[in-house]
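Take a look at the letters that make up each chain.
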Amino acid sequence: MFDFFKYPISLIVSLLSVSLLAQDVSIPSSKQLGLPHVQNFSPKDYGANAFNYGATQDPQGMLYFANGAGVLQYDGSNWRLIPLPKGQTAYSMACAANGLVYLGGGGEVGYLKPDEWGGMQFQSLLEWVPEQFRDFTYGWQTITTEAFVYFMTDKYLLRCQINKPQAQMKAWVFKNIYHQLFVVEGELYAWEWGMGLEKMMGDSLQVVPGGGAFAEATIRFMTPLSDSDGEFLFGTVQKGFAVSDGTKVEFFRKNNVLEEYISNQSLYNSVVLQNGF
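The present account deals with the structure reproduced in this document. (Residues numbered from 1 in each chain as written. Predicted model: local features only at pLDDT ≥ 70, side-chain atom pairs only at ≥ 80, totals over all residues. Heavy atoms only, no water.)

**Re the nonpolar core**
Then, number 1: Among the nonpolar cores identified, the biggest contains 17 residues, and Tyr102, Val109, Phe151, Leu158 and Met169 are the most heavily contacted of them.
Then, number 2: Residue assignment for this core shows that the elements contributing at least two residues are β8 (108-114), β11 (148-152) and β12 (156-161).
Then, number 3: For this core, the leading source of residues is β12, giving 3 residues.
Then, number 4: Filtering out sequence-adjacent residues up to four positions away, Met169 remains in contact with Val109, Leu125, Trp128, Val129, Pro130, Phe151, Leu158, Arg159 and Cys160.
Then, number 5: With 15 residues, the next largest nonpolar core counts Leu197, Val208, Phe214 and Ala217 among its residues. (Core = buried A, V, L, I, M, F, W, Y, C linked by side-chain atoms within 4.5 Å. Buried < 20%, exposed > 50% of the residue type's maximum accessible area, 1.4 Å probe, protein only. Helix = DSSP H or I, 4+ residues; strand = E, 2+ residues; numbered from the N terminus. Contact = heavy atoms within 4.5 Å.)

Structure representation (structure tokens):
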């Protein structure tokens, strides 16, 4: 099995647990910790739904949030709600290389564009989705590469050209409702239950070498290992951490403190810091 301590890996991992805070330890006050100032905004403050599913920022510094009532826009002082057709929920969003904010919603995909007065409005791209692929319910994930925007829905993977959004989209059918997208080093990867880890090769999703090892292990994150050549670190729900060298996958041995803790929690996400850790 893979030896976790072979690599100096530091990650901020999001866990659906507060068990660390419940342990019998002495936690100093926030003043002693020197924590950064955090300002909370309630639904009353921003005037929309309590549920927010995603966030992004455009090149002008404007913040956008995928909200249960549409898209929230925040300029640092004022909030504005940008509705979707039929009052649908916005579930995901991403700012592409061209500076446009793309998003997936309830039965919708599209992007934000300024109207004649400069105010942002939602522009649907549904008419550019092949008709037989429009019967999706949720636009769960929006992710971008240099040339494309990908929308992961509950049924299909949709691809839009960044430099030509109003053109016929390419679509792929998922075999299972449980799936996730990742962009790593400019390449699109997809995890699908029962299939494992796939990579977009031209216009085809193909299982990568060793990717079948994840067929029954939900991948929550995928990131390159620092100071390595072609190796990737994975975090899964069922089997913990794993590493791949591009040909095979090794899961971490189970006799270390981190793996013991992770096995009792629900691994959800990770963040790579600016210093590479």
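Right, picking up where we left off after that structure.
**Considerations on the pattern of salt bridges**
Then, number 1: Applying the stated criterion to the full structure yields 3 salt bridges.
Then, number 2: In this structure, Asp203 and Arg159 form a salt bridge, with 2.6 Å as the shortest nitrogen-oxygen distance. Here Asp203 is found in the loop between β16 (196-201) and β17 (204-207), whereas its partner Arg159 is found in strand β12, with 44 residues between them in sequence.
Then, number 3: Linking Lys248 and Asp245 is a salt bridge whose minimum nitrogen-to-oxygen distance equals 2.8 Å.
Then, number 4: Residue classification places Lys248 among the partly exposed residues on the basis of a relative accessible area of 44%.
Then, number 5: A residue is classified by how much of its surface remains accessible, and Asp245, at 30% relative accessible area, is partly exposed. (Salt bridge = Lys/Arg side-chain N within 4 Å of Asp/Glu carboxyl O.)

**A short note on the layout of surface pockets**
Then, number 1: Approximately 1000 Å³ is the volume attributed to the largest pocket.
Then, number 2: In terms of lining residues, the largest pocket is bounded by 30 residues, among which Gln141, Gln180, Arg220, Tyr268 and Asn269 are the most central.
Then, number 3: Taken together, the elements giving at least two residues each to the lining of the largest pocket come down to β2 (52-57), β6 (90-95), β10 (141-144), β14 (179-184), β18 (219-224) and β22 (267-271).
Then, number 4: Looking at the lining of the largest pocket, the element that brings in the most residues is β14, giving 5 residues.
Then, number 5: Taken together, the residues of the lining of the largest pocket sort by class into 20 nonpolar, 9 polar and 1 charged.
Then, number 6: Taken as a whole, the second largest pocket holds about 230 Å³ of empty space.
Then, number 7: Around the second largest pocket sit 19 residues that line it, and Tyr189, Lys199, Val208, Pro209 and Gly246 are the ones nearest its centre.
Then, number 8: Where the lining of the second largest pocket is concerned, the elements lending two or more residues are β15 (187-192), β16, β17 and β19 (232-236).
Then, number 9: In terms of residue count, β16 provides more of the lining of the second largest pocket than any other element does, 3 residues in total.
Then, number 10: Taken together, the residues of the lining of the second largest pocket break down into 12 nonpolar, 4 polar and 3 charged. (1 Å grid on protein atoms, 1.4 Å probe; cavity = no way out; pocket = protein on both sides within 12 Å on 5 of 7 lines; lining within 4 Å. Points joined across faces, edges and corners; volume = space filled by probe spheres on them. Nonpolar A, V, L, I, M, F, W, Y, C, P; charged D, E, K, R; others polar.)

**As for the packing of aromatic side chains**
Then, number 1: Evaluation of the coordinates by the stated rule reveals 19 aromatic pairs.
Then, number 2: Judged by centre distance (4.7 Å) and plane angle (40°), the ring pair of Phe214 and Phe234 falls under tilted. Of this pair, Phe214 sits in the loop between β17 and β18 while Phe234 sits in strand β19, and the two are 20 residues apart along the sequence.
Then, number 3: Through pairs of rings, three or more aromatic residues link up here, namely Phe41, Tyr46, Phe65, Tyr74 and Trp79. (Phe/Tyr/Trp six-rings, centres within 6.5 Å; stacked < 30°, edge-to-face > 60°.)

**Remarks on the sheet that holds strand β5 (residues 79-82)**
Then, number 1: Strand order in the open sheet formed by 4 strands is β2-β3-β4-β5, and the pairing between neighbours is antiparallel. Strands at the two margins of the open sheet, each flanked by one partner only, are β2 and β5. For this sheet the average axis-to-axis angle between neighbouring strands, irrespective of direction, equals 25°.
Then, number 2: Pairing analysis gives 5 bridges linking strand β3 (residues 63-67) to strand β4 (residues 70-74), with the strands arranged antiparallel. The partner of Phe65 across the bridge, within β4, is Leu72. (Pairing = 2+ DSSP bridges. Axes fitted to C-alpha atoms, helices over the stretch in contact; angles between N-to-C directions.)

**Observations concerning the sheet that holds strand β13 (residues 170-173)**
Then, number 1: If you trace the 4 strands from one edge of the open sheet to the other, you get β10-β11-β12-β13, paired in antiparallel fashion. Strands at the two margins of the open sheet, each flanked by one partner only, are β10 and β13. In this sheet, adjacent strand axes meet at a mean angle of 20° when their direction is disregarded.
Then, number 2: Pairing geometry for β11 and β12, over 5 bridges, is antiparallel. Note that in β12 the partner of Phe151 across the bridge is Leu158.

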